[in-house]
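# Chain and residue survey
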Amino acid sequence: MSELFSRRTALAGGIGLASGMGLLASETLARAAGYQEDQNVHAPGGPVARSLAASVGKGAEYSLPPLPYAFDALEPSIDAETMRLHHDKHHAAYVKGANEALAKLADTREGKLDPSALSELTEKLTFNLSGHLLHSVFWAIMGTGGREPVGELAADIQQQFGSHAKFKAQFSAVATQVQGNGWGVLAYEPISERLIVLQARNHQLNVAWNAIPLLVIDVWEHAYYLKYKNVCTDYVKAFWNVVNLGAVDQWYGLIKRRHQDPAHEEHGH
Ligand code: MN
């Protein structure tokens, strides 16, 4: 594999949350075909894989992936102004923050900056990188598509949560109960091959190592306040009107295959 591949993997693998996603971006980018090849809707991993591939740009800096639909595509559940601000301002700020942190960490290693700031810079990287990757998943699991689970995702939710309704109730409650800023996250835990629901605080706290986000909802106030004011529960309800569980299933399929067949990436299906 190329030096670029290794560097991207090393960069993105810095935290548990990012490890699975980092590999994905690496795989796609290492093909040197870039984002264009990924426009194929049948590409492995679907919209989430495409969004994550676009979340790393040239020179292994992080970059803002394009929103995969128009700003008003999720109206009326999520309004266009919220989407524009959220993607173009908030998400962009996380990208910038992650890149700044990496640059300053490099400068610190070179003796250009005081090492006493290392703790702060490390936290800046963790916060901004986690925010960047979660948003990249978030855009891609919304849009047109299935509101009901399909395929392997449907079968595993049924088996592990009892039913889609039980899963949905748990996920919605966990998201609604976030104190302050955070996320509801359905993640794949590769060691046990289990689906787990997590509640991230900010972007990076209360997260399980190595769990790979599959379906995420941003419950920071910036995600809903313009339209829903303080009524987060209505926003979480509306989220289910715009979720694309087909995209989640495509992403889940790729993650599971990679875990169950580690040679998957090398042989390139
Ligand atoms: Mn957000």
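See the structure above.
These lines cover the structure that appears in this document, whether it is placed above or below. (Residues numbered from 1 in each chain as written. Predicted model: local features only at pLDDT ≥ 70, side-chain atom pairs only at ≥ 80, totals over all residues.)

Let us now look at the pairing of strand E1 (residues 182-189). Summarising burial for E1: seven of the eight residues are buried, a large majority. Relative to strand E2 (residues 194-201), E1 runs antiparallel, the two sharing eight bridges. Bridging from a neighbouring strand, Tyr 188 pairs with Leu 195 of E2. Where E1 lies against strand E3 (residues 212-218), six bridges are found, and the strand directions are antiparallel. (Buried ≥ 20, exposed ≤ 12 C-beta atoms within 10 Å, placed from the backbone. Helix = DSSP H or I, 4+ residues; strand = E, 2+ residues; numbered from the N terminus. Pairing = 2+ DSSP bridges.)

What follows covers the sheet that holds E1. If you trace the three strands from one edge of the open sheet to the other, you get E2-E1-E3, paired in antiparallel fashion. The open sheet has two edge strands with one neighbour each: E2 and E3. Neighbour-to-neighbour, the strand axes of the sheet open up by a mean angle of 20°, direction not taken into account. (Axes fitted to C-alpha atoms, helices over the stretch in contact; angles between N-to-C directions.)

The peptide bond linking Glu 75 to Pro 76 adopts the cis configuration, its omega dihedral lying at -5°. Positive phi is not limited to glycine here, since Ala 60 has a value of about 65°. Within the element layout of this structure, Ala 60 appears in the loop between helix H4 (46-53) and helix H5 (80-109). On the neighbour-count criterion, Ala 60 (22 C-beta atoms within 10 Å) is buried. A positive phi angle, close to 50°, is found at Lys 229, a residue other than glycine. Position of Lys 229 among the secondary structure elements: in the loop between helix H9 (225-228) and helix H10 (232-242).

In this section: the packing of H5 against helix H6 (residues 118-140). The contact between H5 and H6 brings their axes to 8 Å, and the two run at 145°. Seen from above, H5 lies across H6 with left-handed handedness. Every residue of H6 that contacts H5 at His 87, His 91, Tyr 94, Val 95, Gly 97, Ala 98, Ala 101, Leu 102, Lys 104, Leu 105 and Thr 108 is listed here: Leu 118, Leu 121, Lys 124, Leu 125, Asn 128, Leu 129, Gly 131, His 132, His 135 and Trp 139. Each residue belonging to the contact of H5 with H6 can be placed in one class, and the counts come to eleven nonpolar, eight polar and two charged. (Left-handed = near helix turned anticlockwise from the far one by under 90°. Contact = placed C-beta atoms within 7 Å. Nonpolar A, V, L, I, M, F, W, Y, C, P; charged D, E, K, R; others polar.)

Read these as layout, nothing more, since geometry by itself doesn't imply function.
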